[in-house]
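# Examination of the molecular architecture
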Amino acid sequence: MKHVFYASAAMLALVAGTTQAQAQLKFAPGEGAFSWDSYEALKAVDLSGESISILGPWLGPDKELIESVIAYFEDATGADVEYAGSDSFEQQIVIDAEAGSPPNIAIFPQPGLAADLASKGLLAPLPAETGDWIRDNYAAGQSWVDLGTYAGADGAEALYGFFYKVDVKSLVWYVPENFEDAGYEVPQTMEELKALTDQIVADGEVPWCIGLGSGGATGWPATDWVEDMMLRINTPEDYDAWTTNELKFDDPKVIAAIEEFGAFARNDAYVSGGAGAVATTDFRDSPQGLFASPPQCYMHRQASFIPTFFPEGTEVGVDADFFYFPAYAEKDLGKPVLGAGTVWGVTSDSAGAQAFMEFLKSPIAHEIWMAQKGFLTPHKGVNTEVYTDPTVAKMNDILLNADTFRFDGSDLMPGAIGTGAFWTGMVDYAGGKDAAEVAASIQATWDSIK
């Protein structure tokens, strides 16, 4: 009888442990619209006793969100995964990697830093078939392969980075009620957007609110405009060459993109407060004109985060909405999307690290975060019905319909350019300086740091 008691106690402990582990899962397996088959498939991977360390930039709520995803990998495989977040990630990962004590996996906010580590032999290449998987399963798949492909220590290129969690910048915000009252329709092409801009002026109104002010970072909103315009009048290859300075900053193609921004920002009739107010208006205050009565403007081009600065109580999807910053129909360059995102790389190779990178391909790894908040993905195999926020779902549709995705260009450039001369140059340009003169000045700075 004594032995039966011990067996029962052990069984109870096992059941209790299983119940506790499942209780840590945000959504009960088998319930809801999740791709549970991709979770069940994970159970074929036994990583019991394996420890995996991950270092990334996420703290606070985002740390809790990534840990809610990791929990499913742990539950299915038996692995022990430890995520650590750091607000000085960029410095920490370099120190750890060069000291020979990196985590198994690092989450880079920008591909440039991942490329730097790869060039020093401090990143492990991903399996060759991963590139094919991305091409087949991510919208604009080749774009994501290109963004994760770097030269190694031997100079040979390989896929080192896998993108997971993306942000979209190619958005125009507006107030649906204002459009409805004026009889305006959401433009589908850049030609239609320019026609709408002129129509609003003809109606005696002001089409745009634009502000470049951002303290020590003043000018950056204009760089996003120029990057979006680069993708709408030039090829993706031109964009890539521009971010590396193969295509010089004073090339006519770049000057033309700057002037495309100027066509909106330097026209007094187009901008709330007139062109002279663009450089001095804080970007956080800029969208307020949408909500004035009567409206001070009808449109505001800005990334997905801008509702943070809308008036308190504004409901996105009702009081305010957005549409894709459209491409030219006549250019035949498809639907390019500008954005950002995190790229994951293996900094200390192990079976567990490779298994976790494989896990990031599974729909469930995306859907768990999608069903909570603030997660966009180009993964075509996910079930978008798990989104609980229709606004985020709509942004994700833009991502899934993209033909080309390109990372924020200024983030790919050397700091002296991307967070220096490019910013200040755009302020000078908004203030009336000639585009060719501004571009030549930025190129001179780039030449001086080579």
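Each value, and the rule that gives it
Residues numbered from 1 in each chain as written. Predicted model: local features only at pLDDT ≥ 70, side-chain atom pairs only at ≥ 80, totals over all residues. Heavy atoms only, no water. Helix = DSSP H or I, 4+ residues; strand = E, 2+ residues; numbered from the N terminus. Rg over C-alpha atoms; globule rule 2.2 N^0.38 Å. Buried < 20%, exposed > 50% of the residue type's maximum accessible area, 1.4 Å probe, protein only. Contact = heavy atoms within 4.5 Å. Pairing = 2+ DSSP bridges. Patch = residues over 30% accessible without salt bridge, like charges linked within 9 Å, V, L, I, M, F, W, Y side chains within 5 Å. Areas by Shrake-Rupley, 256 points an atom, 1.4 Å probe, with all protein chains shown as cover. Salt bridge = Lys/Arg side-chain N within 4 Å of Asp/Glu carboxyl O. Lys, Arg positive; Asp, Glu negative; His and termini not counted. Charge placed at Lys NZ, Arg CZ, Asp CG, Glu CD. Phe/Tyr/Trp six-rings, centres within 6.5 Å; stacked < 30°, edge-to-face > 60°. Lys NZ or Arg CZ within 6 Å of the ring centre and 35° of its normal. Right-handed = clockwise from strand over helix to strand, strands pointing away. Expected span 1.5 Å × (residues − 1). Disulfide = S-S within 2.5 Å. Polar contact = N/O pair within 3.5 Å; in protein donor to acceptor, adjacent residues only side chain to side chain. Domains from an automatic or database assignment. Buried area = accessible area lost by both parts, 1.4 Å probe. Nonpolar A, V, L, I, M, F, W, Y, C, P; charged D, E, K, R; others polar.

Right, let's talk about the overall build of the chain for a bit. Helix and strand counts for the chain come out as 18 helices and 11 strands. In terms of C-alpha radius of gyration, the chain reaches 24 Å, essentially the compact-globule figure of 22 Å for 450 residues. Counting only C-alpha atoms, the chain reaches 90 × 55 × 40 Å along its principal axes. For the chain, buried positions account for 51% of its 450 residues. Within the chain, contacts between residues at least 6 apart in sequence are counted, and of these 74% link residues at least 24 apart.

We now examine the sheet that holds strand β9 (residues 321–324). Read across the open sheet, the three strands follow the order β8-β7-β9; overall the sheet is antiparallel. Of all strands in the sheet, those with a lone pairing partner are β8 (300–301) and β9, marking the two edges. In this structure, strand β7 (residues 171–174) lies alongside β8, joined through two bridges in antiparallel fashion. By the bridge assignment, V172 is partnered in β8 with R301.

So, about a negative patch on the surface. Residues E177, E180, D181, E315 and D319 make up a contiguous surface patch of negative charge. Classification of E315 as partly exposed rests on a relative accessible area of 47%.

Turning our eyes to something else, we now look at the packing of aromatic side chains. The tally for this structure, following the rule as stated, stands at 47 aromatic pairs. Here the aromatic cluster, defined as three or more aromatic residues joined through ring pairs, consists of W58, F73, Y164, W344, F356, F359, W369 and F375. In this structure, R301 is placed above the aromatic ring of F325, and the distance from its NZ or CZ to the ring centre is 5.9 Å. One Lys or Arg, K331, reaches over the ring of Y328 and ends 5.5 Å from the middle of that ring.

Turning our attention to the pairing of strand β2 (residues 80–85). Successive residues of a regular strand alternate their side chains across the two faces of the sheet. Of the pairings in the sheet, the one linking strand β1 (residues 51–56) to β2 comprises six bridges and is parallel in character. If you follow S51 over to β2, its bridge partner there is D80. With helix α3 (residues 60–77) bridging β1 and the parallel β2, this β-α-β connection has right-handed handedness.

What follows concerns the pattern of salt bridges. Inspection of the entire model under this criterion finds 14 salt bridges. For the salt bridge of K120 with E98, the shortest nitrogen-to-oxygen distance reads 3.3 Å. With K120 in the loop between α5 (111–119) and α6 (128–137) and E98 in helix α4 (residues 89–98), the pair connects residues that are 22 residues apart, well separated along the chain. Between D132 and R135 there is a salt bridge, with its nearest N and O atoms 3.0 Å apart. One end of the pair, D132, and the other, R135, are both in helix α6, three residues apart, so they sit about a helical turn from each other. Assessed through its relative accessible area of 44%, D132 is described here as partly exposed. Owing to a relative accessible area of 36%, R135 belongs among the partly exposed residues under this scheme. A single network of salt bridges, built from pairs that share partners, joins K169, D224 and D408.

Turning to α3, a few remarks are in order. End to end, α3 covers 26 Å across 18 residues, agreeing with the expected 26 Å (1.5 Å per residue, within 8%). Within the span of α3, buried status applies to L65, I66, S68, V69, I70, A71, Y72, F73, A76 and T77. Two residues or fewer past α3, G78 is found with a positive phi of approximately 85 degrees.

Before going further, it helps to spend a moment on the state of the cysteines. Applying the stated rule across the entire model yields one disulfide. Across the disulfide from C209 sits C297; the S-S distance is 2.1 Å. On the S-S bond that ties C209 to C297, the torsion sits near -100 degrees, and the link is left-handed. Remark: C297 occurs in the loop between α12 (252–265) and β8 and C209 occurs in the loop between α9 (190–202) and α10 (220–233); sequence separation between them is 88 residues. For the pair C209 and C297, one class covers both residues: buried.

This part is about the side chain of K165. Looking at the secondary structure, you find K165 in strand β6 (residues 162–168). Within the structure, the side chain of K165 is placed 3.3 Å from the backbone oxygen of G374, a separation counted as a polar contact. If sequence neighbours within four positions are ignored, K165 has contacts with W58, G341, T342, W369, G374, F375 and L376.

In this section: the domain arrangement of the chain. Partitioning the chain into domains gives domain 1 (33–167 + 340–397) and domain 2 (171–338 + 409–448). Together domain 1 and domain 2 conceal approximately 720 Å² of surface at their shared face, both sides included; 61% is due to carbon and sulfur atoms. Linking domain 1 with domain 2 are one salt bridge. Here D321 and K394 are joined by a salt bridge, their closest N and O atoms 2.9 Å apart. The interface formed by domain 1 and domain 2 contains two residue pairs in polar contact (both at pLDDT 80 or more). Its residues placed into classes, the side of domain 1 that touches domain 2 shows two nonpolar, two polar and two charged.

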